[in-house]
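Residue-level structural notes
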Amino acid sequence: MREPSETGSADGGRRDVLGAVAPTAAAAAVGAAGRPSPAAPAAGEAAARTLGRTGAQVEPVSLGGEGILRTTGRHREAVPVILEALRLGVRYCDTAPAYQQSQDYYGEAFRAAGPKAREQVFLASKTHARDRDGALRLLDDSLRRLGTDHLDSWQLHDLRELEELDAIFGKRGAIEAVEQARADGRVRHVGITGHHDPRILLEAMRRYPVDTVLCAVNPADPARLPFLTTVVEEARRRGVGVIGMKIMAAGRLLQDRAASATELIRYAASHADTVIVGCSSIAEVRENLGARSLSFPMPPAERAALEARVAPRAGRYDTFKAG
């Protein structure tokens, strides 16, 4: 089985770009079904959004499973990052088996934060296995590492080729694992992820009624193989929740000073229900989650101006797309 390359939102190089944004600390209440329910927003805090037909309440900015979390043996640095996000009331948390010890860090953080911490978030993990048995093995390992008996969303990870879809939806493919896990309660919702080719995600949505899609969203997107005018539009038509990744193009948009983190978060969260951003420190968690108090959505004219600004070097910011 192929492990994905970088697929989450490890937006390295991010430093001191949201220092003026104060962090918020509204905690998510837990509904009767064990999913986050809307809490009254603090002054200036963005209201929660609904993640498509999952019904889960999420905020514009969520915790990605990369950054310091996509490492091995960095528990002392990684676990406090998750604990701070939980303290600040994060609603959606992202991870994957392919992200090194990310799942172990989450499991340790949930244990440290107390028995209710896990149920206060919508927890998403993934499978890069395309076959039924391999996917189920990954799922059980994920549940063990995370210290939970279920995932709120289990995502088919990093879809790139039609042949992968044929394997997933064929006999003894991963979709059989999805159906079994949903039936026995190990998985509540199913999602797909990809940043390589929007046509593959469109075809996956045609083949199966997924609940969420995680795809690339940044202002370089319109220049080539766009996800916004294809995958996101189709997801909206179908009632599928949209999660944005690659919002800072792995930090390159920041490194080039092509845009500020504030602009990039506002842009992506104007298209997606929530955006995941990998963090390298507690300070970055505070900055990222503090962005929940920004003004959303970004006006169309402002989005268009940002797209025009990055367009001349768009190829530098979409290297994760198909060649």
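This text goes with the structure placed above it.
An account of the accompanying structure is given in this report. Predicted model only: the values in this text are computed from it and were never measured.

Definitions and limits used
Residues numbered from 1 in each chain as written. Predicted model: local features only at pLDDT ≥ 70, side-chain atom pairs only at ≥ 80, totals over all residues. Heavy atoms only, no water. Core = buried A, V, L, I, M, F, W, Y, C linked by side-chain atoms within 4.5 Å. Buried < 20%, exposed > 50% of the residue type's maximum accessible area, 1.4 Å probe, protein only. Helix = DSSP H or I, 4+ residues; strand = E, 2+ residues; numbered from the N terminus. Pairing = 2+ DSSP bridges. Phe/Tyr/Trp six-rings, centres within 6.5 Å; stacked < 30°, edge-to-face > 60°. Lys NZ or Arg CZ within 6 Å of the ring centre and 35° of its normal. Expected span 1.5 Å × (residues − 1). Contact = heavy atoms within 4.5 Å. Polar contact = N/O pair within 3.5 Å; in protein donor to acceptor, adjacent residues only side chain to side chain. Right-handed = clockwise from strand over helix to strand, strands pointing away. Axes fitted to C-alpha atoms, helices over the stretch in contact; angles between N-to-C directions. Parallel < 35°, antiparallel > 145°, perpendicular 65-115°, else oblique. Left-handed = near helix turned anticlockwise from the far one by under 90°. Nonpolar A, V, L, I, M, F, W, Y, C, P; charged D, E, K, R; others polar. 1 Å grid on protein atoms, 1.4 Å probe; cavity = no way out; pocket = protein on both sides within 12 Å on 5 of 7 lines; lining within 4 Å. Points joined across faces, edges and corners; volume = space filled by probe spheres on them.

**Structural notes on the nonpolar core**
Core analysis: the biggest nonpolar cluster contains 88 residues, and Trp154, Leu159 and Ile192 have the highest contact counts within it. Counting residues in each nonpolar core, the second largest holds 10 residues, with Ala124, Leu214, Ile243 and Met245 among its members.

**Quick look at the pairing of strand S12 (residues 274-279)**
With six of six residues buried, S12 is to be regarded as a mostly interior element. What you see with S12 is no split at all: Thr274, Ile276 and Gly278 on one side and Val275, Val277 and Cys279 on the other are buried throughout. When strand S5 (residues 61-67) meets S12, the two strands line up parallel, connected through four bridges. If you follow serine 62 over to S12, its bridge partner there is isoleucine 276. Alignment of strand S11 (residues 241-245) against S12, held across two bridges, turns out to be parallel. Along S12, the bridge assignment pairs isoleucine 243 with threonine 274.

**Re the packing of aromatic side chains**
Tallied over the entire structure, the rule returns three aromatic pairs. Over the aromatic face of phenylalanine 296 sits the side chain of arginine 49, whose NZ or CZ is 5.4 Å from the ring centroid.

**Concerning helix H2 (residues 102-113)**
With 12 residues, H2 should reach 16 Å at 1.5 Å per residue; the first-to-last C-alpha distance of 16 Å fits that figure. Positioned one or two residues after H2, glycine 114 has a phi angle of 110 degrees, which is positive.

**Overview of helix H3 (residues 132-146)**
Taking 1.5 Å of rise per residue, the 15 residues of H3 would be expected to cover 21 Å, and the 21 Å separating its terminal C-alpha atoms lies within 8% of that figure. Turning to H3, its buried residues number three or more, namely Arg132, Gly134, Ala135, Leu136, Leu138, Leu139, Ser142, Leu143 and Leu146. Packing partners of the buried residues in H3 comprise H2, strand S7 (122-127), strand S8 (153-156) and helix H5 (174-184). The residue sitting at the N-terminus of H3 and contributing the capping side-chain oxygen is aspartate 131; that oxygen lies 2.8 Å from the backbone nitrogen of glycine 134. Following H3 by one or two positions, glycine 147 adopts a phi angle in the positive range, close to 70 degrees.

**Re the environment of leucine 151**
The topology assignment puts leucine 151 in the loop between H3 and S8. Here leucine 151 falls in the buried class, since its relative accessible area comes to 0%. Separated by 37 residues in the primary sequence, leucine 151 and arginine 188 place their C-alpha atoms 6.4 Å from one another. The residues contacting leucine 151, other than those within four sequence positions of it, are Arg118, Leu123, Ser125, Leu139, Leu143, Leu146, Arg186, Val187 and Arg188.

**Digging into the pairing of strand S10 (residues 212-216)**
Of all five residues making up S10, five are buried, and the element is well covered by its neighbours. Taken together, strand S9 (residues 190-194), helix H6 (residues 198-207) and S10 constitute a β-α-β crossover, and its handedness is right-handed. The pairing of S10 with S11 spans five bridges and is parallel. Counterpart to valine 213 in the pairing with S11 is valine 242.

**Focus: the side chain of threonine 95**
Looking at the secondary structure, you find threonine 95 in the loop between strand S6 (92-94) and H2. Take threonine 95: its relative accessible area is 0%, and that puts it in the buried class. Filtering out sequence-adjacent residues up to four positions away, threonine 95 remains in contact with Gly65, Ser102, Gln103, Tyr106, Ala124, Ser125, Lys126 and Leu146.

**Re the packing of helix H1 (residues 75-87) against H2**
With their axes 9 Å apart at the nearest point, H1 and H2 run at an angle of 55 degrees to one another. Taken together, the axes of H1 and H2 are oblique relative to one another. With respect to the hand of their crossing, H1 and H2 are arranged in right-handed fashion. Seen from H1, the contacting residues are His75, Ala78, Val79, Ile82, Leu83 and Leu86; seen from H2, they are Asp104, Tyr105, Tyr106, Glu108, Ala109, Phe110, Ala112 and Ala113. For the contact of H1 with H2, the class distribution of residues is 11 nonpolar, one polar and two charged.

**Describing the packing of helix H9 (residues 261-271) against helix H11 (residues 300-310)**
Put simply, H9 and H11 touch, their axes get as near as 11 Å, and they point 120 degrees apart. As the angle between them shows, H9 and H11 are arranged oblique. Crossing of H9 over H11 shows left-handed handedness. On the side of H9, the interface is formed by Glu263, Arg266, Tyr267, Ser270 and His271, while H11 contributes Glu302, Arg303, Leu306, Glu307 and Arg309. Per-class residue counts for the contact of H9 with H11 are two nonpolar, two polar and six charged.

**Some thoughts on the environment of histidine 157**
Turning to its location among the elements, histidine 157 is positioned in the loop between S8 and helix H4 (162-168). Distance from histidine 157 to glycine 194, taken between C-alpha atoms, is 6.8 Å for residues 37 residues apart in sequence.

**Describing empty space enclosed by the protein**
Scanning the entire structure with this criterion turns up two cavities of 30 Å³ or more. Lining the second largest cavity, in full, are Ala216, Val217, Asn218, Ala220, Asp221, Tyr317, Asp318, Phe320 and Lys321. Residue composition of the lining of the second largest cavity, grouped by class: five nonpolar, one polar and three charged.

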